Amino acid sequence: MAESASVPAGAADIPSVDRLLSLPELQPLLALHGRTQVTAALRRQLDQYRAAAIAGKLPAHALGGRALADALGTALATASQPRLRAVFNLTGTVLHTNLGRALLPDSAVREVVQALTTPANLEFDLATGERGERDDLVEDLLCELTGAAAATVVNNNAAAVLLMLNTLAQRREVVVSRGELVEIGGAFRIPDIMQRAGARLVEIGTTNRTHPRDYADAIGPRTALLMKVHCSNYQITGFTCSVGVDKVAALARPHGLPVAVDLGSGTLLDLTRWQLPSETTVRETIAAGADLVTFSGDKLLGGPQAGLIVGRADLIRRIRKNPLKRALRVGKLTLAALEPVLRLYRSPELLADSLPTLRLLTRPAHKLEAQALRLCPLLQPALGDAYLVAAAPMLSQIGSGALPGSQLPSHGLTIAVAEGGRSAGAGRRLQRLEAALRALPRPVIGRVGEQALWLDLRCLEETDEAAFTAQWQALRL
Ligand SMILES: *Cc1c(COP(=O)(O)O)cnc(C)c1O
């Protein structure tokens, strides 16, 4: 093209789509993205150019092969970026529901990749050559780890509770203490699930106190189940009283009624051996007399999203026969990930290293402090003199409704506006920093509070540190 770059092009100067597609500079894009996508992107680009040309603002050089290929390449690369992206979770909440909860160990990742790429005996009994049951792949392990007689797996714990209630209590009554009618984030409410399951909720006791006689008085001819729910995300303190699983089971037994416990996070081992807060295990709940226990796969267990139901063999058999089970069942990827995670629990003394969730929860504060001090001088230059980064002690949470009252001593970084303290301008600059961190290639998610941006380092493992600092240089404030 002869025109100089400063001369604007007119709409009539824009060549046809077919002619542009045959430019040699566009051939690599056609090979990479295919003709359909490149043509669509080219049409969008030319629409913009036409509007610019009419306004007299289209530089002639924009229509050159190289410039067009660059513009299209950028647009196509942006469009093919996955929407689900890796982020840095520096919120201080280890099992963050909005950030995908538990991270899988390498052993599970390998099994998932294999299940994705090769046929597997998902429902095929290799011993007999006959049709198998997908639950069989993990049932023995779940029984071994919980002391239960049988087990089944569904999509998540909400599905587990729904299926359990629908199977055992449709058109009948379920007795639950008022102090346990929880709402979990994202619209899981025990009364609503109960209604959708077709069961009638019988509330007993008061918010703060429920006594054994409340259960005894509520049992009648229409009672199907006594249920207990873990107070995952809140605590009732002060003048309180609740009835333990063992006592509820003793009240249910003479009536032949089952007792179900929704444990929520459902830990398989006593966490105090790692100096973590104490939480009743699934095994203890079964031993106390629960006939069924439901819990999540991706909370403290540290596995994939799943809902686990363990307990009496006759009840599990009925649950499996419910047609809803077919609608709520897990896929092979979940089972491929769950089995190796459960297997890790056979070596509890290695678990703090082998299970990412536990590894993160047990990272000692002094190590996090050393990491914070190491990072400060690396991060300050990209912030200029507008912001000040400093190492600071903070408190992490386990998250996902596990042990709501307990926090873990942690360490991290605070980034404050260099001058201006509490002024409105400082608040805006803090928001701008938070947004800039979210705009990084691998977004950094922290939290804003108390005149600073807080980045808790509990979930930034040493292996990720180089990637974290490298992209920090790309920060645009
Ligand atoms: C988290 C939780 C649920 C929901 O579990 P999902 O696996 O998220 O479906 C149900 N009940 C309790 C008590 C919980 O803590």
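Each chain carries its own residue numbering, running from 1 in the direction its sequence is written. The predicted origin of the model limits local features to residues at a pLDDT of at least 70 and limits the giving and counting of side-chain atom pairs to 80 or more, whereas totals for whole chains, interfaces and linings rest on all residues. Values reported for side chains reflect all heavy atoms of the structure, with hydrogen atoms and water molecules removed beforehand.

A. Looking closely at the overall build of the protein chain. Here a helix means four or more residues in a row that DSSP labels H or I, a strand means two or more in a row labelled E, and each is numbered from the N terminus. Within the protein chain, the regular secondary structure consists of 19 helices and 17 strands. Note that the radius of gyration is over C-alpha atoms, with the globule rule given as 2.2 Å times the number of residues to the power 0.38. What you see for the protein chain is a C-alpha radius of gyration of 29 Å, clearly larger than the 23 Å of a compact globule of 477 residues, by over 25%. Dimensions of the protein chain along its principal axes, counting C-alpha atoms only, are 95 × 60 × 40 Å. Evaluated residue by residue, the protein chain yields a buried proportion of 49% over its 477 residues. It only takes one pair of heavy atoms within 4.5 Å for two residues to be counted as in contact. Long-range contacts, defined here as pairs at least 24 residues apart, represent 74% of the contacts in the protein chain between residues at least 6 apart. Charge convention: Lys and Arg are scored as positive, Asp and Glu as negative, and His as well as the terminal groups of each chain are ignored. A single reference atom marks each charge: NZ on Lys, CZ on Arg, CG on Asp, CD on Glu. Both charge centroids of the protein chain, one from 52 positive and one from 45 negative side chains, sit 5 Å from each other. Remark: exposure states derive from per-residue accessible area (1.4 Å probe, protein chains only) relative to the maximum for the residue type, with buried under 20%, exposed over 50%, and partly exposed in between.

B. Inspection of the sheet that holds strand 8 (residues 200–204) at higher detail. Two strands pair under a simple rule: DSSP has to find at least two bridges between them. Across the sheet, seven strands lie side by side as 4-12-11-10-9-5-8; this open sheet has mixed pairing. Either end of the sheet is taken by a strand with one partner, and the two such strands are strand 4 (150–154) and strand 8. For this sheet the average axis-to-axis angle between neighbouring strands, irrespective of direction, equals 25°. Note: strand 5 (residues 173–177) against strand 9 (residues 223–229), three bridges, orientation parallel. Its bridge partner being in strand 9, Glu173 is matched across the sheet by Thr223. Here the axes come from fitting lines to C-alpha atoms, over the contacting stretch only for helices, and the angles between their N-to-C directions go from 0 to 180 degrees.

C. Highlighting the side chain of His411. Positionally, His411 belongs in strand 14 (residues 402–417). Residue class for His411 comes out buried when judged on its relative accessible area of 8%. His411 has contacts with Ala365, Leu368, Glu369, Ala372, Ala391, Ala392, Pro393, Met394, Asp456, Leu457 and Arg458, leaving out every residue within four places of it along the chain.

D. Focus on the UniProt feature "modified residue: N6-(pyridoxal phosphate)lysine" (unreviewed entry) in the protein chain. Within this structure's numbering, the places UniProt gives as "modified residue: N6-(pyridoxal phosphate)lysine" (unreviewed entry) are Lys299. Among the structural elements, Lys299 can be located in the loop between strand 11 (292–296) and strand 12 (307–311). A residue is classified by how much of its surface remains accessible, and Lys299, at 5% relative accessible area, is buried. Among all residues touching Lys299, those that are not within four sequence positions of it are Leu95, Arg101, Ala102, Gly264, Ser265, Thr357 and Ser400. UniProt positions are given in the numbering used here, feature names are shortened, and annotations may be inferred rather than shown by experiment.

E. Structural detail: the state of the cysteines. The disulfide definition used here is simple: a pair of cysteine sulfur atoms within 2.5 Å. If you walk through the whole model with that rule in mind, you get zero disulfides. With no disulfide of its own, Cys459 has Cys376 as its nearest cysteine by sulfur position, at a separation of 18 Å. Looking at Cys459, the relative accessible area reads 16%, which means it is buried.

F. Geometry of the site of the ligand. Proximity criterion: a residue is near a molecule or strand once any of its heavy atoms comes within 4 Å of it. Surveying the vicinity of the ligand reveals the residues Arg101, Asn156, Asn157, Ala158, Ile184, Phe188, His230, Ser232, Asp262, Gly264, Ser296 and Lys299. Throughout this description, a polar contact denotes any pair of N or O atoms lying within 3.5 Å of each other; where both atoms belong to protein, one of them has to be capable of donating a hydrogen while the other can accept it, and for residues adjacent in sequence the pair is counted only when both atoms sit in side chains. In this structure, a nitrogen atom belonging to the ligand sits 2.6 Å away from a side-chain N or O atom of Asp262. In this structure, Lys299 approaches the ligand through a side-chain N or O atom, which is 2.8 Å from an oxygen atom. All accessibility values rest on the Shrake-Rupley procedure with a 1.4 Å probe; residue burial counts only the protein chains present in the view. In isolation the ligand exposes 380 Å². Once the protein is present, 94% of that is buried. Going through the elements one at a time, helix 7 (157–169) and strand 10 (259–264) are the ones with two or more residues in the shell around the ligand. By the convention adopted, Pro, Cys, Tyr, Trp, Phe, Met, Ile, Leu, Val and Ala count as nonpolar, Lys, Arg, Asp and Glu as charged, and the other residues, Gly among them, as polar. Across the shell around the ligand, the residue classes tally to three nonpolar, six polar and three charged.

G. Seen up close, the packing of aromatic side chains. Classification of ring pairs uses Phe, Tyr and Trp, with its six-membered ring standing for Trp, and accepts pairs whose centres are within 6.5 Å; under 30 degrees between planes counts as stacked, over 60 as edge-to-face, and the remaining range as tilted. In the structure shown here, the tally under the stated rule is two aromatic pairs. With centroids separated by 5.5 Å and ring planes inclined at 50°, the aromatic side chains of Phe468 and Trp472 adopt a geometry described as tilted. Remark: Trp472 and Phe468 occur in helix 19 (residues 462–472); sequence separation between them is four residues, near one turn of the helix. Residue class for Phe468 comes out buried when judged on its relative accessible area of 0%. By relative accessible area, Trp472 is classed as buried at 0%. An aromatic cluster of three or more residues is present, and its members are Phe88, Phe468 and Trp472. Any Lys NZ or Arg CZ that is within 6 Å of a ring centre and within 35 degrees of that ring's normal is treated as a charge sitting over the ring. Residue placement shows Arg209 over the ring face of Phe239; its charged tip is 3.7 Å from the ring centre. In this structure, Arg273 is placed above the aromatic ring of Trp274, and the distance from its NZ or CZ to the ring centre is 5.2 Å.

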